[in-house]
Amino acid sequence: MTAQPLTAPSHEIRAQHTASTVTVYQAYPPSIGLPAARDGRFPAAWKRDRMTWIKPSFLWMMYRCGWATKEGQETVLAVEITREGLTWALENAELSHYVRGVHPDQATWQRDLRRAPTRVQWDPERDLHLNPLPHRSLQLGLAGEAARRYADEWTVCIRDVTPLAREIHALVRAGESEAATALLPRETPWPATGRVPRPASPEAHGA
């Protein structure tokens, strides 16, 4: 199940990970999600020249896609990527919002953001009922070189976890929180090395 310490750090990457991979989540329409899961790679319809957002938190993905019920997000994918890929993405990222005290000035942040192939956003983590928690969850936007490397180099495997999302959601709706929690992917702190862009304080970013 998802490990949620009582006093979780305000900005910490928590993910399902192995010695070589990290799992991130995305939601797509079936026309993209189903071929991706079937073939283990993103289809030609997946645009490598557009920004794509990946999320290590299963519950934040459920919040974003409404348990796979929102239009265009009916297929939830668990994408295993290499640890080296995620490390590169973080080390080449810029915060998605200007933060006083972190950036020298707004013009410098805007210049760095335009140059960065990846951008980091921290949003409130979610509980089983998708209510916001005090600590934050990572979202990582990939554009240009980062999006191409994600699709063509970093991706190790792609799984369709829509049935899991629906099963957990059904248990939540039935009031069976303990059973639902037991099915959640086990997410633990990811020992990131190198630079990870973070705001100076938990209040630095809005929800």
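What comes next concerns the included structure. This one's a predicted model, so the numbers in the text were calculated from it and none came from an experiment. (Residues numbered from 1 in each chain as written. Predicted model: local features only at pLDDT ≥ 70, side-chain atom pairs only at ≥ 80, totals over all residues. Heavy atoms only, no water.)

**A word on the overall build of the protein chain**
Quick note on the threshold: Each helix corresponds to a stretch of at least 4 residues labelled H or I by DSSP, and each strand to a stretch of at least 2 residues labelled E; elements are numbered beginning at the N terminus. Between buried and exposed lies partly exposed: a residue is buried under 20% and exposed over 50% of the maximum accessible area for its type, with that area taken using a 1.4 Å probe on protein chains only. Residue contacts follow a heavy-atom distance rule, with two residues in contact if any of their heavy atoms lie within 4.5 Å. Computed with a 1.4 Å probe, the accessible areas rest on the Shrake-Rupley method; for each residue, only the protein chains presented here act as cover.
The helix and strand inventory of the protein chain stands at 7 helices and 9 strands. Expressed as a percentage of its 207 residues, the buried residues of the protein chain come to 50%. Partitioning the intrachain contacts of the protein chain with sequence separation of at least 6 by distance along the chain shows that 76% fall at a separation of at least 24. Accessible surface, the protein chain: about 10,000 Å² in total, of which carbon and sulfur atoms supply 50%.

**A short note on empty space enclosed by the protein**
Test applied: Buriedness for pockets is judged along seven lines, at least five of which must meet protein on both sides within 12 Å for an open set on the 1 Å grid over protein atoms alone, while cavities are sets there where a 1.4 Å probe fits but cannot get out, and lining residues have an atom within 4 Å of a point. Grid points are joined across faces, edges and corners, and a volume is the space filled by probe spheres set on the points.
Throughout the structure, instances matching the rule amount to 1 cavity of 30 Å³ or more. In this structure, the largest cavity encloses a volume near 40 Å³. Every residue lining the largest cavity is listed: Glu12, Ile13, Arg14, Pro56, Ser57, Glu125, Ser137 and Leu138.

**A short note on the side chain of Arg83**
As a reminder, the rule being used: Positive: Lys, Arg. Negative: Asp, Glu. His and the chain ends are not part of the count. Only one rule defines a salt bridge in this text: a Lys or Arg side-chain nitrogen within 4 Å of an Asp or Glu carboxyl oxygen.
Counting through the fold element by element, Arg83 comes out in helix H3 (residues 83–91). Buried and unpaired, Arg83 has no salt bridge, with Glu84 as the nearest side chain of opposite charge at 6.6 Å. If we skip the residues at most four places from it in the chain, Arg83 touches His17, Thr18, Ala19, Ser20, Thr21, Val22, Trp190 and Pro191.

**Brief notes about H3**
H3 sits mainly inside the fold: 7 of its 9 residues count as buried. Elements in contact with the buried residues of H3: strand S2 (21–28), strand S4 (75–82), strand S5 (93–95), strand S6 (118–126), strand S7 (132–142) and helix H5 (145–154).

**Some words on the sheet that holds S5**
Defined as follows: The pairing criterion for strands is at least two bridges between them, as found by DSSP. Each axis is a line fitted through C-alpha atoms, taken for helices only over the stretch in contact, and angles between the N-to-C directions span 0 to 180 degrees.
Here we have 4 strands laid out as an open sheet, ordered S3-S7-S6-S5, and mixed in their pairing. The open sheet has two free edges, formed respectively by strand S3 (52–54) and S5, since each of these has just one partner strand. Taking each pair of neighbouring strands and ignoring which way they run, the sheet shows an average axis angle of 40 degrees. Against the sheet, H3 touches S5, S6 and S7, its axis set at about 95 degrees to S7.

**What about the packing of aromatic side chains?**
Operational definition: When two rings of Phe, Tyr or Trp (its six-membered ring) have centres within 6.5 Å they constitute a pair, described as stacked for plane angles under 30 degrees, edge-to-face for angles over 60, and tilted for the intermediate range. Working rule: Lys NZ or Arg CZ, within 6 Å of ring centre, within 35 degrees of ring normal, means a charge sits over the ring.
Going through the model one piece at a time under the given rule, you end up with 7 aromatic pairs. An angle of 40 degrees between the planes, with centres 5.6 Å apart, marks the rings of Phe42 and Tyr150 as tilted. A residue pair is termed long-range when its members are at least 10 positions apart, and Phe42 in the loop between helix H1 (30–39) and S3 and Tyr150 in helix H5 qualify at 108 residues. Summarising the burial analysis for this pair, Phe42 and Tyr150 share the class buried. Here a set of aromatic residues connected by ring pairs shows up, and it is made of Tyr28, Phe42, Trp46 and Tyr150. Sitting over the ring of Tyr63, Arg126 keeps its end group 3.6 Å from the ring centre. A cation sits over an aromatic face here: Arg149 above Trp88, 4.5 Å from the ring centre.

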